[in-house]
Amino acid sequence: MRRKTHYVRNFFVLILIGVLVYMGYYVYEKTDVFIIKDISVMGNMRITEDELKDYLLTDELHFFKLNQYELDEKLLAYPKVKTGVIKKVFPDRLEIVVDERMPVVALEWSEQYLLVDEELVVVEVASSTSGYYPIHGYKFENFNIGCEIKDNHRYILENAMFLAFMIMNYDALEQPAITIEENKIFLSVNDNLRVEFGDGDNMEERFNKMVGVYEKLQEDGIYSGVIKVFHDGYPTFDPFEE
């Protein structure tokens, strides 16, 4: 017995499939259902969600058209981000886990301050020290936000930063000024007492020598002069003439 051909039913099935395909295309292309609208950020301390959203979503990002590689590259190019992972969450959200670049010192530059991290990457430019330990006098021609400071005397700046770390862990000194003059590191304990560290090589050893001399001077009531620890020999002290 021949089976009946259901032309009408097949016609409506085709119509239904066409409608579904068109609706799918319309939702995909013509609506904002799959446009990224929300970003949640984890691991952030200084970066806000709005800040990253404004940076990453300068153009409409479609969930299915989004180039994951390009977005990852863009995130890692952000000066305040050290590392980061982006995960797409269907249908219109991004989850981001970041490891931020945290400034550790404020480097004086042309009446401004560059907030730099431990790798000497410039995180941002500020009009004040923003509460970070300032380093004065280091001379260099240019910089780029999000990039390392690189010049022939970078190691002196690294040694000055190391000095700042040690001072912050030594309670007897209340943030004396660190200055780099002619590629030599100086510490101004007060208006009358300075320490000369030279280029800062073996900084930890030189700092400990300085502490020994400084504490002895305090015991003896001597508050003016220059403590010299710019070599690997014994430290010296030159008092200022009264």
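Since we're looking at a predicted model, the values are computed, not measured.

> Explanation requested: the sheet that holds strand E1 (residues 38-42) in the structure shown.
Pairing between sheet strands relies on hydrogen bonds along the backbone, with the strands arranged either parallel or antiparallel. On the basis of which strands lie adjacent, the open sheet formed by three strands has the order E1-E3-E2 and mixed pairing. The open sheet has two edge strands, E1 and strand E2 (81-89), and neither has a second partner. For this sheet, the mean angle separating the axes of adjacent strands, direction not counted, is 25°. Of the strand pairs in this sheet, E1 and strand E3 (residues 93-100) are connected by five bridges, and their pairing is parallel. When the sheet's bridge partners are listed, Asp 38 is paired in E3 with Arg 93. Strands in contact with helix H2 (residues 49-56) are E1 and E3; relative to E1, the strand with the most contacts, it is inclined by about 125°. Helix H3 (residues 68-76) contacts E2 and E3 of the sheet and is inclined by roughly 145° relative to E2.

> What is the right way to read the packing of aromatic side chains from this model?
As enumerated under the stated definition, the model contains 10 aromatic pairs in all. Judged by centre distance (4.5 Å) and plane angle (40°), the ring pair of Tyr 55 and Tyr 78 falls under tilted. Of this pair, Tyr 55 sits in helix H2 while Tyr 78 is found in the loop between H3 and E2, placing the two residues 23 residues apart along the sequence. Consider the rings of Trp 109 and Phe 140, whose centres lie 6.2 Å apart with planes at 35°: the pair is tilted. You can see Trp 109 sitting in strand E4 (residues 105-109) and its partner Phe 140 sitting in the loop between strand E7 (133-136) and helix H4 (154-168), a full 31 residues away along the chain. Sitting over the ring of Phe 63, Lys 88 keeps its end group 4.8 Å from the ring centre.

> Where do I start with the sheet that holds strand E12 (residues 236-238) in this structure?
With mixed pairing, nine strands are arranged side by side in an open sheet as E6-E5-E4-E7-E8-E9-E10-E11-E12. One side of each edge strand has no neighbouring strand; the edge strands of this open sheet are strand E6 (122-126) and E12. With direction set aside, neighbouring strand axes in the sheet form an average angle of 25°. In the sheet, strand E8 (residues 177-181) pairs with strand E9 (residues 184-188) via five bridges, with the strands oriented antiparallel. Paired with Ile 178 across the two strands is Leu 187, which belongs to E9.

> Would you take a moment to explain the pattern of salt bridges for this structure?
When the charged atoms of two side chains with opposite charge come close together, those side chains can pair. Counted under the stated rule, the structure contains 15 salt bridges. Its salt-bridge partner being Arg 194, residue Glu 181 comes within 2.8 Å of it at the nearest N-O pair. Here Glu 181 is found in strand E8, whereas its partner Arg 194 is found in strand E10 (residues 193-198), with 13 residues between them in sequence. Note that Lys 216 and Asp 220 form a salt bridge whose closest N and O atoms lie 2.7 Å from each other. Placement of both Lys 216 and Asp 220 in helix H5 (residues 203-220) is noted, with a separation of four residues, approximately one turn of the helix. For Lys 216, a relative accessible area of 45% gives the class partly exposed. One network of salt bridges, with partners in common, ties together Lys 82, Arg 101, Asp 117, Glu 118 and Glu 119.

> Where do I start with H4 in this structure?
Each turn of an α-helix holds 3.6 residues, which means side chains three or four residues apart point in the same direction. The first and last C-alpha atoms of H4 sit 21 Å apart over 15 residues, in line with the 21 Å expected at 1.5 Å per residue. Every buried residue of H4 is listed here: Arg 154, Ile 156, Leu 157, Asn 159, Ala 160, Met 161, Leu 163, Ala 164, Met 166 and Ile 167.

> Even after reading the chapter, I still don't get the side chain of Lys 80, so can you show me in this structure?
Mapped onto the fold, Lys 80 is located in the loop between H3 and E2. For Lys 80, a relative accessible area of 16% translates into the label buried. Of the polar contacts made by the side chain of Lys 80, one reaches the side chain of Glu 51; its length is 2.9 Å. Sequence-distant contacts of Lys 80, that is, excluding residues within four places in its chain, are made with Arg 46, Ile 47, Glu 51, Glu 100, Arg 101, Val 123 and Glu 124.

> How do you make sense of the pairing of E9 when you look at a structure like this?
Where a strand is regular, its side chains alternate between the two sheet faces. The antiparallel hairpin formed by E8 and E9 contains two residues in its connecting segment, where Glu 182 sits at a positive phi of about 50°. Direction of pairing for E9 relative to E10: antiparallel, over a ladder of four bridges. Bridge pairing in E10 links Phe 186 to Glu 196.

> Quick question: what am I supposed to make of the nonpolar core here?
Generally speaking, soluble globular proteins have nonpolar side chains that are buried together. Core analysis: the biggest nonpolar cluster contains 38 residues, and Leu 163, Ile 178, Ile 185, Leu 187, Phe 197, Met 210 and Ile 227 have the highest contact counts within it. Elements that contribute at least two residues to this core include exactly E4, strand E5 (112-116), E7, H4, E8, E9, E10 and H5. The biggest single contributor to this core is H4, with eight residues. In this structure, Phe 34, Leu 61, Leu 71 and Leu 75 belong to the second largest nonpolar core, which totals 19 residues.

Rules used in this analysis
The residue numbering used here restarts from 1 in each chain and proceeds along that chain's sequence as written. Local features are withheld for residues below a pLDDT of 70 in this predicted model, meaning they are given only at 70 or higher, and side-chain atom pairs are given and counted only at 80 or more; totals for whole chains, interfaces and linings count all residues. Values reported for side chains reflect all heavy atoms of the structure, with hydrogen atoms and water molecules removed beforehand. DSSP-based pairing: two strands are paired if at least 2 bridges between them are found. Strands here mean DSSP runs of E at least two residues long; helices mean DSSP runs of H or I at least four residues long; both are numbered from the N terminus. Convention adopted: a line fitted to C-alpha atoms gives each axis, helices being fitted over their contacting stretch, and angles between N-to-C directions are expressed from 0 to 180 degrees. Contacts between residues were defined by any pair of non-hydrogen atoms, one from each residue, lying within 4.5 Å. Centres within 6.5 Å make a pair out of two Phe, Tyr or Trp rings, where for Trp the six-membered ring is used; the pair is then stacked when the planes are under 30 degrees apart, edge-to-face when over 60, and tilted otherwise. Lysine and arginine charges are scored as sitting over a ring when NZ or CZ, respectively, is within 6 Å of the ring centre and within 35 degrees of the ring normal. We define a salt bridge as a contact between a side-chain nitrogen of Lys or Arg and a carboxyl oxygen of Asp or Glu at a distance within 4 Å. Burial classification: accessible surface area is computed with a 1.4 Å probe over protein chains only, and a residue below 20% of its type maximum counts as buried, one above 50% as exposed, and the rest as partly exposed. Multiplying 1.5 Å by the helix residue count minus one yields the expected span of that helix. Polar contacts here mean pairs of N or O atoms no more than 3.5 Å apart (in protein, one a potential hydrogen donor and the other a potential acceptor; neighbouring residues in sequence count only if both atoms are side-chain atoms). Residues grouped as a nonpolar core are buried Ala, Val, Leu, Ile, Met, Phe, Trp, Tyr and Cys residues, joined through side-chain atoms within 4.5 Å.

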